[in-house]
Amino acid sequence: WYLALRPFLIPRDFFKGLTVLIGHVRTEGDSYLMGNWARSGWWYYYPLAMLFKGAIPWILATAAGLVLFLRRLRQVAFEQWLPWVGAFAYLGFALNSKIDIGVRHVLPMYPLLAVGAGCALAQAPKKIQLGAWALCGWLAVVALASYPFYIQYFNELTGGADNGYRYLIDSNYDWGQDAKRLKTFLDERHIDQIYLDYFGTQFSIEYLKIPNTRVDAEKARQLKQGWLVVSASELMRPEWAWLRESAQPEARAAHTLFVYQLTGQTGPAQ
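Values in this document were obtained by computation on a predicted structure and should not be read as measured data.

Cut-offs applied
Residues numbered from 1 in each chain as written. Predicted model: local features only at pLDDT ≥ 70, side-chain atom pairs only at ≥ 80, totals over all residues. Heavy atoms only, no water. Helix = DSSP H or I, 4+ residues; strand = E, 2+ residues; numbered from the N terminus. Buried < 20%, exposed > 50% of the residue type's maximum accessible area, 1.4 Å probe, protein only. Contact = heavy atoms within 4.5 Å. Areas by Shrake-Rupley, 256 points an atom, 1.4 Å probe, with all protein chains shown as cover. Lys, Arg positive; Asp, Glu negative; His and termini not counted. Charge placed at Lys NZ, Arg CZ, Asp CG, Glu CD. Pairing = 2+ DSSP bridges. Salt bridge = Lys/Arg side-chain N within 4 Å of Asp/Glu carboxyl O. Expected span 1.5 Å × (residues − 1). Arc of directions from axis to C-beta. Core = buried A, V, L, I, M, F, W, Y, C linked by side-chain atoms within 4.5 Å. 1 Å grid on protein atoms, 1.4 Å probe; cavity = no way out; pocket = protein on both sides within 12 Å on 5 of 7 lines; lining within 4 Å. Points joined across faces, edges and corners; volume = space filled by probe spheres on them. Nonpolar A, V, L, I, M, F, W, Y, C, P; charged D, E, K, R; others polar.

Visitor: Before we go on, may I ask you to explain the overall build of the protein chain in this structure?
Guide: In terms of helices and strands, the protein chain carries twelve helices and seven strands. When its C-alpha atoms are laid out on the principal axes, the protein chain stretches across 70 × 55 × 30 Å. Residue burial in the protein chain is summarised as follows: out of 270 residues, 43% are buried. When contacts within the protein chain are restricted to residue pairs at least 6 apart in sequence, long-range pairs at least 24 apart make up 63% of them. With the model as given, the accessible surface of the protein chain reaches about 15400 Å², and the carbon-plus-sulfur share is 61%. The distance from the centre of the 26 positive side-chain charges to the centre of the 21 negative ones in the protein chain is 9 Å.

Now the structure itself:
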């Protein structure tokens, strides 16, 4: 339909993106949630992703705003309904999606929820408003403390960025964003060659001149010596279960890159 209507669609690039997205959503892909894999995802994936990755003060402020809104439902002006209706309508479509790969797909909900909660909290009693300001201050501290690891941020309910990969991966955690940090890590350790399974573009590795041999899980299983680096989004795949079960990483670079030292007597080569 895009090709047929293209002369009338303005701006056409927007509609092209829309058609590509619709086609993508209708297909099935591998989805990961808390150690499990599925081809068509889970209807509750996005609510859990928002719970895991949302800062606790934001979750509390949003929940408080929603409760206050519902308590004053009959007195609330029409325009104060709109952000809540828009956010939950968007979530309704997301629950039906088969592409469960990242909380980024529901980011349009966040400003709507912020406006809805903000309106409700602004009309609350003074003590509740003071509590809301305290949550805003807490949120600012979280943002500063998380720098610069924002993609791999997970809240304290999950154990933070160190444990995030146990709950969600892909663009929720490891999107190949840490190639430069891997280069710094290798330079500091004076490691001049690695075996690599990297969830990112080969261009990044080549541009940074990281000396590597690309391997998959089966090839890595045959290795006897050297350093093996595996991205979290690859490591949690079923084919890498043997490594997760048989060895502990020597180190981690930027939370997302697991570094193993292989020896003839110990580690994943056994």
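Visitor: Explanation requested: the pairing of strand E5 (residues 226–231) in the structure shown.
Guide: Note on strand geometry: in a regular strand, side chains alternate between the two faces of the sheet. The element E5 is largely enclosed, with a buried count of five among its six residues. One ladder, built from six bridges, connects E5 with strand E7 (residues 257–262); its direction is antiparallel. Pairing of Gly226 across the sheet is with Leu262, part of E7.

Visitor: When you look at the pattern of salt bridges in this model, what are you seeing that I'm missing?
Guide: In total, this model carries five salt bridges according to the counting rule given. Here Asp187 makes a salt bridge to Lys183, at a shortest N to O gap of 3.7 Å. Taken together, the residues Asp187 and Lys183, both in helix H8 (residues 179–189) and four residues apart, mark about one turn of the helix. Judged by its relative accessible area of 42%, Asp187 falls in the partly exposed class. Relative accessible area serves as the criterion here: at 22%, Lys183 is assigned to the partly exposed category.

Visitor: What's the story with helix H6 (residues 109–122) in this structure? I'm lost.
Guide: Given 3.6 residues to a turn, an α-helix orients residues that are three or four positions apart in the same direction. Across its 14 residues, H6 extends 20 Å between first and last C-alpha, which sits within 8% of the 20 Å expected from 1.5 Å per residue. Within H6 the residues assigned to the buried category are Met109, Tyr110, Leu113, Gly116, Ala117, Ala120 and Leu121. Axial view of H6: buried residues confined to an arc of 130 degrees, hence all on one face. As for H6, its buried residues are in contact with helix H3 (45–53), helix H4 (56–71), helix H5 (78–95) and helix H7 (126–146).

Visitor: How do you make sense of the nonpolar core when you look at a structure like this?
Guide: Nonpolar side chains tend to gather and get buried jointly when the protein is soluble and globular. Counting 53 residues, the largest nonpolar core has Met50, Val106, Met109, Leu228, Trp240, Leu243 and Tyr260 as the members making the most contacts within it. A per-element tally of this core places H6 first, with six residues. Counting residues in hydrophobic clusters, the runner-up holds 17 residues, among them Ala179, Leu186, Leu196 and Leu257.

Visitor: Could you clarify how one ought to interpret the layout of surface pockets in this entry?
Guide: The probe, sized like a water molecule, is rolled over the atoms to show the empty space still left. Each pocket or cavity is described by its volume, and for the largest pocket that value is around 510 Å³. Together, 16 residues line the largest pocket, and Leu21, Val25, Tyr90, Phe93 and His105 are the ones closest to its centre. Mapped by element, the contributors of at least two residues to the lining of the largest pocket are helix H2 (12–26) and H5. Among the elements that line the lining of the largest pocket, the one with the most residues is H2, at five residues. Considering only residue class, the lining of the largest pocket consists of ten nonpolar, three polar and three charged.

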